[in-house]
Amino acid sequence: MELDRALAWSRYAQRAIAASPALGRDIAATVDTPFDWTVAQRALDAIVAGGDSRALADELRRLRRRLFIHTLCRDLTGRADLSEVLHAVTTLAETALAAATTLHARALAAASGDPIGAETGTPQQLIVVGMGKLGGGELNVSSDVDLVFVYPEEGETRGPRSVANREFFDRLGRRVIGALNEITADGYVFRVDMRLRPYGESGSLTSSFVALEHYLVAQGRAWERYAWLKARPLTGNRHDELARHIAPFVYRKYLDYDAYEGLRDIHRQIREQERGSGYANDIKLGRGGIREIEFIAQALQIVRGGKEPELRARGTQNALAALAERGLLPRRASDALLDAYRFLRNVEHRLQYRDDRQTQQLPEDRSERALLAETLGYSDLASFTRALALHRGNVAAQFAMVLGESRTATHAGDDLHSFTRVWKDPSTAASTMLVQAGFSGPDALLVALQRARNGSRYAQLPPSSRERFDRLVPMLLKIAVDERTPETDPQTVFLRLFALLEEVSRRSAYLALFVEHPPLLPRLAQLMGASAWAADYLTRHPILLDELLDIRSLFAEPDWRAWRDELARVLATHRDDAERQMDALRHFQQAQTLRLLAQDLSGRLTVERLADHLSALADVILAATLVRCWTQMQKTDAPPRFAVIGYGKLGGKELGYASDLDLVFLYDVEPGSVDADVAPERYARLAQRFNTWLTSLTAAGRLYDTDFRLRPDGAAGLLVSSLAAFKKYQRETAWTWEHQALTRARHVAGDADIGAAFETERTSILRLARDIPRLAVDVVEMRRKMQAGHPNRTQFFDLKHDAGGMVDIEFVVQYLVLAHAHRHVELTRNVGNIALLHAAGALGLVPQELARDAADAYREYRRLQHKVRLTGAPHARVDGAAQTDRRGAVLALWQRAFGVPR
């Protein structure tokens, strides 16, 4: 009964079964299971092997009719979901194209010979590229197929009647089209649309790889990027090579917010057609329809797919899921769009089942609509109408959010109009207006604006970029006023924002980003106004601007494990491209640093917690870099017996934003093993490559500066040391200051066993009994030498290097560890200077009150040092009068520890 009701909906199915009752019996017998491709493929293979093109055309049409009715019956009886329907129709297209291409290629080759590439001398094959819904694996049941025909190389056939490869493939293409598109007594298989090929209907039917690439680079238009986004090769070979020609056209290397305007242009054209063509009832092209869902997914893919290859899913459902997974669409929005997509595609299929006609137009007749609603499981038309309106409303709302008209203010207030006049006509009146708005140096600001407006950079901007620039300058002036704080004045904020705007103006995508996302500008003003260092960092790394869009991820609690997982995933997408991996490491490090900076400036992180995160970030970067360098060098996933030891601020987990890394490299081999002789050279090369990856200045910047002077024998020593040699050096040769450095050393990357052995040896060295008076002399003398290397000729107090400053505290702590760890093992823990001072006080090594005061001073010094460095100052120097009590506590600690005045 349910099968009868399903067939009753489709007038096409009724006619087909009336003409062939056996078809009806076959459908009834097989409807409980998905379509059996095994039998169908066997029949097609036999025909292809026999080379009978007429038989193939007839069989494909019978197959198409059988599949259509089988699919509609399974769909309308609830046996098949949308995914099965889409897969069945797409598989039909793939199967038909493969069979037709194979049969007709053999027939042509029998007459003319195989086409041979002029470059490689190898046989060439036709690559049928599925575009649109075929490329995305989501054909509708009465769909046509959008195709492009390409082949790898020009050349000629090698046979009795040689022809050029293009002529061969043009002939083949026409035959393939006819095999699917030609209408016979059995109908057709698919209507074929070739208008997406280079130059459209006026272009050659087939193109070589070179010709295709030349067209895309020289002639490709914005809408063609969206067309090629779903392109999928269905026949032939050398698919990876083809992808390398297409990908740079579709996806830009960095974020591409220019793409929004191109998609809006397409949508406006559709809207114009809608006004005169009755698209209101069109569930594909009308408001809130299937096309808008596809546009939302494609826009976000185009913008970000160059930077995030995992977003390059071809199907709409997969694309929406990927966007939600990456947090680029809120999960609720993604779910609503997926629900709407499935609903609308199901409606679309029922419209097409009716008469096997490619339509997305809802019927005008109410009784017809009521029948449609019934096939979708609704008890009445009103329920269906409400569901349809809900889904289309959700889609339209999300479309407006993502792709509505540019969201910069269109109804600006008087202030913005006034600032627009300032930019267009910097006059005396403008100066007065700027003073009233709170700008501290209006004349200098006007000079800067005039210089920019008359400069070559502005004059050379394309018209669209200049128009955006003109819109943005007044907005930045207004935002600088709106976002002022007691610590910042509008002029400082604006000039930092304006410097960024000028720096990125040649990249239209960044201008588009500002225009498309107005809430970004106040966020930028807050960040750049709070810190000159932050302003400089963003100006040097504008690719990070995108990180400011998602406030939730920007202020999310850092998760070190998630960092490792995310970085591994990103690097895996560039597995065979060292340059892309190096850039990916830099982008990742910069993005996480910016998030920490935003949380820091908003007061969410203490200096100590920030340093923990920056040190953990360095650990993650170092570990990932080491793995990639080793894999690249040895072509193996087997880990090296090699470890990276962090000293100094990295070792002590006190990294700042611009800290360099003090590193030592250790390796270990079994004595007498086959690796013993080659290990020193192998691991030296690994260390050199590792350092190159860290310090090379690429287009994405530099990861870290490095310092290897703390390795055994310093600058004169080997870059890498065996674990045994390191132990021997520390016990027999190392200077006192090198043992001081060990107090803040830890394993940060590489072999865990070597790391554990290092930690054991470090503890043993620190616990050696020492001549304490001799130790005190050595430490004091080293402190004197260090201070001589950092003279301060200003009236200000240098928080780090001056007497009573941070280095004095660090030297006292190191002295206490080396002098007393043989009796107190807890002093060997690498827990930071503040914790070790408290431990020394608790152990009675120094008075507890003095230890507490010195620890408080150290904490405040670090806070002040961090604050000063955020201003971009080269030295952390402050008014000394305010630090008198703290300096006194530190100097008293020094006197107590060493028995001599500082």
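Bear in mind the structure is a predicted one, so any value in this text is a computation, not a measurement. (Residues numbered from 1 in each chain as written. Predicted model: local features only at pLDDT ≥ 70, side-chain atom pairs only at ≥ 80, totals over all residues. Heavy atoms only, no water.)

> Help me out: how do you make sense of empty space enclosed by the protein in this one?
Any empty space left between the atoms is revealed when a probe the size of a water molecule rolls over them. Counted by the stated rule, this structure contains three cavities of 30 Å³ or more. Considered as a void within the structure, the largest cavity measures approximately 70 Å³ in volume. Where the lining of the largest cavity is concerned, the elements lending two or more residues are α37 (806-820) and α38 (833-842). Class assignment for the residues of the lining of the largest cavity results in three nonpolar, six polar and three charged. Lining the second largest cavity, in full, are Arg-64, Leu-67, Phe-68, Thr-71, Val-89, Leu-92 and Val-141. (1 Å grid on protein atoms, 1.4 Å probe; cavity = no way out; pocket = protein on both sides within 12 Å on 5 of 7 lines; lining within 4 Å. Points joined across faces, edges and corners; volume = space filled by probe spheres on them. Helix = DSSP H or I, 4+ residues; strand = E, 2+ residues; numbered from the N terminus. Nonpolar A, V, L, I, M, F, W, Y, C, P; charged D, E, K, R; others polar.)

> How should the packing of helix α4 (residues 37-50) against helix α5 (residues 53-76) be read in this particular structure?
In helix packing, the relevant descriptors are the interaxial angle and the interaxial distance, both defined with respect to the helix axes. At a minimum axis separation of 9 Å, α4 and α5 run at an interaxial angle of 170°. One element, α4, and the other, α5, form an angle in the roughly antiparallel class. Residues Trp-37, Ala-40, Ala-43, Leu-44, Ile-47 and Val-48 of α4 lie in contact with α5, whose contacting residues are Ala-55, Leu-56, Glu-59, Leu-60, Leu-63 and Leu-67. Among the residues making up the contact of α4 with α5, the classes are represented as eleven nonpolar, no polar and one charged. (Axes fitted to C-alpha atoms, helices over the stretch in contact; angles between N-to-C directions. Parallel < 35°, antiparallel > 145°, perpendicular 65-115°, else oblique. Contact = heavy atoms within 4.5 Å.)

> Looking at this model, I keep getting lost on the side chain of Gln-730. Mind explaining?
The topology assignment puts Gln-730 in helix α33 (residues 723-732). By relative accessible area, Gln-730 is classed as buried at 3%. Discounting residues that sit within four places of it in the chain, Gln-730 has contacts with Tyr-647, His-739, Leu-742 and Ile-765. (Buried < 20%, exposed > 50% of the residue type's maximum accessible area, 1.4 Å probe, protein only.)

> When you look at the pattern of salt bridges in this model, what are you seeing that I'm missing?
When the charged atoms of two side chains with opposite charge come close together, those side chains can pair. Scanning the model with the defined rule gives 52 salt bridges in all. A salt bridge links Asp-612 to Arg-609; the nearest nitrogen and oxygen atoms lie 3.7 Å apart. In this pair, Asp-612 and Arg-609 are both assigned in helix α30 (residues 607-634), three residues apart and thus about one turn of the helix distant. Given a relative accessible area of 26%, Asp-612 falls into the partly exposed group. Ionic pairing is found between Glu-732 and Lys-728, a salt bridge with its closest N-O pair at 2.9 Å. Taken together, the positions of Glu-732 and Lys-728, both in helix α33 and four residues apart, correspond to about one turn of that helix. For Glu-732, a relative accessible area of 57% corresponds to the exposed category. Ionic contacts of the salt-bridge type, sharing partners, join the residues Arg-304, Glu-308, Glu-310, Arg-326, Asp-546 and Arg-569 into one network. (Salt bridge = Lys/Arg side-chain N within 4 Å of Asp/Glu carboxyl O.)

> Can you help me understand the nonpolar core in this one?
A general feature of soluble globular proteins is that nonpolar side chains tend to end up buried together. Of all hydrophobic cores here, the largest spans 228 residues; its most connected members are Ile-69, Trp-228 and Leu-524. By residue number, the principal contributor to this core is α30, which donates 13 residues. What Leu-524 contacts, discounting residues up to four positions off in sequence, is Leu-497, Leu-500, Phe-514, Gly-529, Leu-538, Leu-545 and Leu-548. Leu-723, Leu-775, Ala-821 and Val-878 belong to the second-largest nonpolar core, a separate cluster that totals 55 residues. (Core = buried A, V, L, I, M, F, W, Y, C linked by side-chain atoms within 4.5 Å.)

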